[in-house]
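Chains, contacts and geometry: an overview
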Amino acid sequence: RKEVEQDPGPFNVPEGATVAFNCTYSNSASQSFFWYRQDCRKEPKLLMSVYSSGNEDGRFTAQLNRASQYISLLIRDSKLSDSATYLCVVPKNTGGFKTIFGAGTRLFVKA
Amino acid sequence: EAQVTQNPRYLITVTGKKLTVTCSQNMNHEYMSWYRQDPGLGLRQIYYSMNVEVTDKGDVPEGYKVSRKEKRNFPLILESPSPNQTSLYFCASSWGREAFFGQGTRLTVV
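Anyway, here's the lowdown on the structure attached to this text. Along every chain, residues carry numbers that run from 1 in the direction the sequence is written. Following the order in which they are written, the chains are lettered starting with A and the ligands numbered starting with 1. Note on the predicted model: pLDDT of at least 70 is required for a residue's local features to be given, and 80 or more for side-chain atom pairs to be given and counted; whole-chain, interface and lining totals, by contrast, use all residues. To obtain the side-chain values, all non-hydrogen atoms of the structure were included, while hydrogens and water were left out.

A look at the pattern of salt bridges
Here is the rule we go by: Any carboxyl oxygen of Asp or Glu that lies within 4 Å of a side-chain nitrogen of Lys or Arg is treated as forming a salt bridge with it. With a 1.4 Å probe rolled over the protein chains alone, any residue whose accessible area is under 20% of its type maximum counts as buried; one over 50% counts as exposed, and the rest are partly exposed.
Summed over the entire model, instances satisfying the criterion amount to eight salt bridges over all chains. As a salt-bridge pair, Asp39 of chain A and Arg37 of chain A come within 2.8 Å of each other at their nearest N and O atoms. According to the relative accessible area criterion, Asp39 of chain A is partly exposed, its value standing at 32%. Notably, a salt bridge pairs Arg44 of chain B with Asp38 of chain B, separated by 2.8 Å at the nearest N-O pair. When its relative accessible area of 26% is taken as the criterion, Arg44 of chain B is described as partly exposed. The class of Asp38 of chain B is buried, set by a relative accessible area of 11%. Three or more residues are tied together by salt bridges with common partners; here these are Lys18, Lys65 and Glu79 of chain B.

Printed below as a string of structure tokens:
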């Protein structure tokens, strides 16, 4: 089993739709998790952190399920500008310096 | 402006010709890291540094070297590049949890 796994997609959704991605991780000791957004050929940028049960920021909600070892990202009312690749990140050690990135989930939002 | 700067942005080189990709950050971050990104594999960590003169291997360190002589700089060195090192490379720096990435270096080894 990979340390971090994501559904690669692509997810093709119309504007206004709600879409959710999952990310499973293998290290049960992991304490914090992150979602990054990467636009085509650009650098990744932090979208959300998930430290406990979940986090919400506007249209975006990240949730953590420790029992099943996955985190999810929910995007409500999708916009064209949400089209990107979403990367799940799991620190590998307690210091958080060794990180494992998921391969990413591609999202296309269409008009 | 807070930023991570990588150079060059694009590089085509030949097998075996030593090269260095520079990375500099102006945020006084202690932690810096190098990643490579390949289709279907996501970002894989090559090396990271927790402070000046402190570096450690990530998941794919073979064929790479790094140094951290100053806090702001973290160059990536390929002593003898091979075609399987053709990739998109990102440098990142962080304090706490959020990582800030450079714009990337697209390297092609022929």
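Digging into the packing of aromatic side chains
Put simply, the rule reads: Pairing of aromatic rings covers Phe, Tyr and the six-membered ring of Trp, with a centre-to-centre limit of 6.5 Å; geometry is then stacked below 30 degrees between planes, edge-to-face above 60, and tilted otherwise. In DSSP terms, a helix is any run of H or I states spanning at least four residues, a strand is any run of E spanning at least two, and both are numbered starting from the N terminus. Whether a charge sits over a ring depends on NZ of Lys or CZ of Arg being within 6 Å of the ring centre and within 35 degrees of the ring normal.
Throughout the structure, instances matching the rule amount to 11 aromatic pairs over all chains. Between Tyr36 of chain A and Phe101 of chain B the ring centres are 5.9 Å apart and the planes differ by 85 degrees, which places this aromatic pair in the edge-to-face class. Note that Tyr36 of chain A is positioned in strand S4 (residues 33–38) and Phe101 of chain B in strand S10 (residues 99–101), a pairing that runs across two chains. Both residues of the pair, Tyr36 of chain A and Phe101 of chain B, count as buried. Following the ring pairs from residue to residue traces out a cluster consisting of Tyr36 and Phe101 of chain A together with Tyr35, Phe90 and Phe101 of chain B. Positioned over the ring face of Phe74 of chain B is Arg68 of chain B, at 5.9 Å from the centre of the ring.

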